[in-house]
Amino acid sequence: GAVVSQHPSRVICKSGTSVKIECRSLDFQATTMFWYRQFPKKSLMLMATSNEGSKATYEQGVEKDKFLINHASLTLSTLTVTSAHPEDSSFYICSARRRGTLLYNEQFFGPGTRLTVL
Amino acid sequence: QQPVQSPQAVILREGEDAVINCSSSKALYSVHWYRQKHGEAPVFLMILLKGGEQKGHDKISASFNEKKQQSSLYLTASQLSYSGTYFCGTLLGGGSQGNLIFGKGTKLSVKP
């Protein structure tokens, strides 16, 4: 169990357009979902944390108006990159914390979305 | 606050052993280990919660020394499939509801 899906897996867009990435926990309810960004050969950088029904908490240096996060339900969170620019090109990965595992705080990652902005 | 992983990279022959270390300057609540293959998302390996806890899965095991604020991942009789970048993620001593902070990763290459 504990499968997290992301859609799309790859997206190429023109500069100035907006891109929406979906993250779903398929077989469990997620109390919290996390959005990460990863540059080539680098570590995972946490962008924001979202809880169902409440506003996302952004990490320092991450623009809230540029990276819109909506956590609509216990199984779905979306990240919208608004007015994308080439410097936003990256690998975006979501993860979900499984409800009921307060002790262990298990997080399961989605397969990632490769965003390329031309 | 980012944990420090060592070594940064290691090259092994199939069947050899390796140890990857993860150290924190802060007290830890738990340590999480993941493996990521190129172009893919990280795959969960295991969590260590209590000081001194040890876990194992197949020929991959780990230990957590709470006092030393560090964890080690042991790969025994490595297989080609073990190749990838290993990340440790740490939760600070505040409890289980914090955010994981990941180290920079250790790239493991297993050659035939």
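Use the structure listed above.
The rules behind these values
Residues numbered from 1 in each chain as written. Chains lettered and ligands numbered in written order. Predicted model: local features only at pLDDT ≥ 70, side-chain atom pairs only at ≥ 80, totals over all residues. Heavy atoms only, no water. Disulfide = S-S within 2.5 Å. Helix = DSSP H or I, 4+ residues; strand = E, 2+ residues; numbered from the N terminus. Buried < 20%, exposed > 50% of the residue type's maximum accessible area, 1.4 Å probe, protein only. Pairing = 2+ DSSP bridges. Axes fitted to C-alpha atoms, helices over the stretch in contact; angles between N-to-C directions. Salt bridge = Lys/Arg side-chain N within 4 Å of Asp/Glu carboxyl O. Contact = heavy atoms within 4.5 Å. Buried area = accessible area lost by both parts, 1.4 Å probe. Polar contact = N/O pair within 3.5 Å; in protein donor to acceptor, adjacent residues only side chain to side chain. Nonpolar A, V, L, I, M, F, W, Y, C, P; charged D, E, K, R; others polar.

To continue, consider the state of the cysteines. One pass over the structure, following the stated rule, counts two disulfides over all chains. Between the sulfur atoms of cysteine 23 of chain A and its disulfide mate cysteine 94 of chain A the distance is 2.0 Å. Given an S-S torsion of about 80°, the disulfide between cysteine 23 of chain A and cysteine 94 of chain A has right-handed geometry. Within this pair, whereas cysteine 23 of chain A is found in strand S3 (residues 19–25), its partner cysteine 94 of chain A is found in strand S9 (residues 90–98), the two being separated by 71 residues in sequence. Its relative accessible area of 1% is what places cysteine 94 of chain A among the buried residues. In this model cysteine 22 of chain B forms its disulfide with cysteine 88 of chain B; the gap between the sulfur atoms is 2.0 Å. Between cysteine 22 of chain B and cysteine 88 of chain B the sulfur-sulfur dihedral comes to about 70°; the bridge is accordingly right-handed.

This paragraph deals with the sheet that holds S3 of chain A. Residues and elements named next belong to chain A. Here we have four strands laid out as an open sheet, ordered S1-S3-S8-S7, and antiparallel in their pairing. Sheet topology places strand S1 (4–7) and strand S7 (67–73) at the edges, where each strand pairs with a single neighbour. In this sheet, adjacent strand axes meet at a mean angle of 15° when their direction is disregarded. For S7 and strand S8 (residues 76–81), the ladder comprises five bridges, and the chain directions are antiparallel. Bridge pairing in S8 places serine 73 opposite leucine 76.

Here the focus is the pattern of salt bridges. Residue and element names in this part refer to chain A. Under the criterion given, the structure shown has two salt bridges over all chains. Taking the shortest distance from any N to any O, the salt bridge between glutamate 22 and arginine 24 comes out at 3.5 Å. Given a relative accessible area of 25%, glutamate 22 falls into the partly exposed group. With a shortest N-O distance of 2.9 Å, lysine 66 and aspartate 88 are connected by a salt bridge. Separated by 22 residues along the polypeptide, lysine 66 in the loop between strand S6 (57–58) and S7 and aspartate 88 in the loop between S8 and S9 bring together distant segments of the chain. Residue aspartate 88 is classed as buried on the basis of its relative accessible area, which comes to 4%.

To continue, consider the interface of chain A and chain B. Interface size, as often reported, equals the accessible area lost upon joining of the parts. Contacts between chain A and chain B engage 24 residues on the former and 24 residues on the latter. Here chain A and chain B share an interface that buries about 1,800 Å² over both sides, 55% of which is from carbon and sulfur atoms. Put simply, chain A and chain B have zero salt bridges between them. Seen at the junction of chain A and chain B, the total is three residue pairs in polar contact (both at pLDDT 80 or more). At the level of secondary structure, the elements contributing two or more residues to the side of chain A that touches chain B comprise strand S4 (30–38), strand S5 (44–51), S9 and strand S10 (107–109) of chain A. Among the residues forming the side of chain A that touches chain B, the class breakdown is 12 nonpolar, seven polar and five charged.

All names here are of chain B. Along the polypeptide, serine 30 turns up in strand S4 (residues 28–36). Residue classification places serine 30 among the buried positions, given a relative accessible area of 1%. Apart from residues no more than four positions distant in its own chain, serine 30 is found in contact with Ile47, Leu48, Leu49, Phe64, Gly89, Thr90 and Leu91. Among the polar contacts listed, one links the side chain of serine 30 to the side chain of histidine 32, at a separation of 3.0 Å.

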